[in-house]
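Results of the structural survey
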Amino acid sequence: MRHVIALDVGGTGMKAALVGADGALLHEARRATARERGPEAVVESIVGFAAELRAYGEEHLGESAAAAGVAVPGIVDAESGIAVYAANLGWRDVPLRALLSRRLHGTPVALGHDVRTGGLAEGRIGAGQGTDRFLFVPLGTGIAGAIGIDGRIEAGAHGNAGEIGHIVVRPDGPACGCGQRGCLERLASASAVSAAWAAASGDPEADAADCAKAVVSGDPAACLVWQNAVDALADGLITALTLLDPGTLIIGGGLAEAGETLFTPLRAAVAQRVTFQKLPHIVPAALGDTAGCLGAGLLAWDLLDSQSMESTEVSA
């Protein structure tokens, strides 16, 4: 049965699947990234896992994978296939596509940024299905974004399009690792809310989920922390809406798991800020932590489609 390998690499673990031409998940598996053993071990864990998936397909599906799609965190040069930088994995300038293709006996490999790959899945088969312009914003450890246009994700001239987390919303705010102050992700990510609520509650173990529960119960300190984050998020989003004019705004990540505790005040805050802009539909992501893996499968099938088109053009 014809299939592709889909692999989503995270900071601590990897999610993978063998995906059929109709999008069916034919096999699913997970592995640790071996991050504690250093960057070389991380790379070996990725290529070794991919080789295991190829072998599984040969044994159980009757043939090798036709292609592989791999989503990785950090800065990615998808055209060259190089994972340029990922702080949480400890690597720089890793020729990941070449390493994977070699271990997979020449199987073509598509490499993508994890958030943009997740956004691809949300746009085609998730919450953005049916819209031709969307913005996907996951609120997790940090905040990134994926700009969806006509079924594809815009990477930008240098592969950095969609980095909404580094819009400055509070110029006198906390320092960010990017070198600026007051970046959106320092104020409205799940980790930022966790830190703010831990400080406000006096409980160093408290996190964003605990803050959301306290908001529901009416705790005034929690409500203040939450509203500060919502206001910062709305300020960042209104800049993105002004520049991109998406029809749908998809919010995902850990903070979105709070449901209407987040979405009700967020929709109101964005609505208060629009003037001439058109208010988009603001919806929760639909695919959860499977988005990256599903998107990696789409990358692989897209690669095969593009190679088929090139072959047809050459023969013509």
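Just so you know, these numbers come straight off a predicted model, no measurement behind them. (Residues numbered from 1 in each chain as written. Predicted model: local features only at pLDDT ≥ 70, side-chain atom pairs only at ≥ 80, totals over all residues. Heavy atoms only, no water.)

Judged by nonpolar contacts, the single largest core of 43 residues is most densely connected at Val137, Trp226, Leu237, Ile251 and Leu266. Looking at this core, the elements with two or more residues in it are strand 9 (133-138), strand 10 (146-149), helix 5 (190-201), helix 6 (208-216), helix 7 (220-244), strand 12 (248-252) and helix 8 (260-273). Per-element accounting of this core gives the leading share, twelve residues, to helix 7. Ile5, Met14, Val94 and Leu96 belong to the second largest nonpolar core, which has 30 residues in total. (Core = buried A, V, L, I, M, F, W, Y, C linked by side-chain atoms within 4.5 Å. Buried < 20%, exposed > 50% of the residue type's maximum accessible area, 1.4 Å probe, protein only. Helix = DSSP H or I, 4+ residues; strand = E, 2+ residues; numbered from the N terminus.)

Attention shifts here to unusual backbone geometry. The residue aspartate 93 is not glycine, and still its phi comes out positive at about 50°. Within the secondary structure, aspartate 93 sits in strand 7 (residues 91-94). Judged by its relative accessible area of 53%, aspartate 93 is exposed.

Next up on the list: the sheet that holds strand 11 (residues 152-154). The five strands lie next to each other as 11-10-9-12-13, forming an open sheet whose pairing is mixed. Both edges of this open sheet fall to strand 11 and strand 13 (281-284), since each of them pairs with a single strand only. Along the sheet, successive strands turn relative to each other by an average axial angle of 30°, direction set aside. The pairing of strand 10 with strand 11 spans three bridges and is classified as antiparallel. From the neighbouring strand, glycine 148 faces strand 11, where its bridge partner is isoleucine 153. (Pairing = 2+ DSSP bridges. Axes fitted to C-alpha atoms, helices over the stretch in contact; angles between N-to-C directions.)

Two numbers describe how helix 6 lies on helix 7: the axes approach to 8 Å, and their chain directions differ by 120°. By the criterion of interaxial angle, the relationship of helix 6 to helix 7 is oblique. Viewed along their axes, helix 6 and helix 7 form a crossing whose handedness is left-handed. Between helix 6, through Ala208, Cys211, Ala212, Ala214 and Val215, and helix 7, the contact on the second element is made entirely by Ala222, Cys223, Val225 and Trp226. The class makeup of the residues in the contact of helix 6 with helix 7 is nine nonpolar, no polar and no charged. (Parallel < 35°, antiparallel > 145°, perpendicular 65-115°, else oblique. Left-handed = near helix turned anticlockwise from the far one by under 90°. Contact = heavy atoms within 4.5 Å. Nonpolar A, V, L, I, M, F, W, Y, C, P; charged D, E, K, R; others polar.)

Turning to the state of the cysteines, a few remarks are in order. The term disulfide refers to a covalent linkage connecting the sulfur atoms of a pair of cysteines. By the definition in use, this model includes zero disulfides. Free of any disulfide, cysteine 176 has its nearest neighbouring cysteine sulfur in cysteine 178, separated by 3.7 Å. (Disulfide = S-S within 2.5 Å.)

What follows concerns the sheet that holds strand 6 (residues 82-86). Taken in spatial order, the three strands of this open sheet run 5-6-7, and their pairing is antiparallel. Each having just a single partner strand, strand 5 (75-77) and strand 7 make up the two edges of the open sheet. Averaged over all neighbouring strand pairs, the angle between strand axes comes to 15°, with direction disregarded. Of the strand pairs in this sheet, strand 6 and strand 7 are connected by three bridges, and their pairing is antiparallel.

With the rule as written, the count across this model stands at twelve salt bridges. When the shortest N-O distance is used, the salt bridge between arginine 273 and aspartate 231 registers 3.6 Å. Of this pair, arginine 273 sits in helix 8 while aspartate 231 is found in helix 7, placing the two residues 42 residues apart along the sequence. A relative accessible area of 23% means that aspartate 231 is categorised as partly exposed. What you see here is one network of salt bridges that share partners, running through Arg170, Asp231, Asp235 and Arg273. (Salt bridge = Lys/Arg side-chain N within 4 Å of Asp/Glu carboxyl O.)

Attention shifts here to the side chain of threonine 107. Assignment of secondary structure puts threonine 107 in the loop between helix 2 (96-103) and strand 8 (109-113). By relative accessible area, which is 7% here, threonine 107 ends up buried. In terms of polar contacts, threonine 107 uses its side chain to reach the backbone carbonyl oxygen of leucine 104, at 2.8 Å. Apart from the residues lying within four places of it in its own chain, the contact partners of threonine 107 are Arg54, Ala65, Ala66, Ala67, Ala68 and Ser101. (Polar contact = N/O pair within 3.5 Å; in protein donor to acceptor, adjacent residues only side chain to side chain.)

This part covers helix 1 (residues 39-60). Its 22 residues give helix 1 an end-to-end C-alpha distance of 32 Å, which sits within 8% of 32 Å, the value for a rise of 1.5 Å per residue. Of all the positions in helix 1, only Ala41, Val42, Val43, Ser45, Ile46, Val47, Gly48, Phe49, Ala50, Leu53, Arg54 and Gly57 are classed as buried. Immediately downstream of helix 1, the backbone of glycine 62 shows phi near 85°, a positive value. (Expected span 1.5 Å × (residues − 1).)

It is worth spelling out a negative patch on the surface at this point. A surface patch of negative charge is lined by Asp203, Glu205, Asp207 and Asp210. As for its placement among the helices and strands, glutamate 205 is situated in the loop between helix 5 and helix 6. (Patch = residues over 30% accessible without salt bridge, like charges linked within 9 Å, V, L, I, M, F, W, Y side chains within 5 Å. Areas by Shrake-Rupley, 256 points an atom, 1.4 Å probe, with all protein chains shown as cover. Lys, Arg positive; Asp, Glu negative; His and termini not counted. Charge placed at Lys NZ, Arg CZ, Asp CG, Glu CD.)

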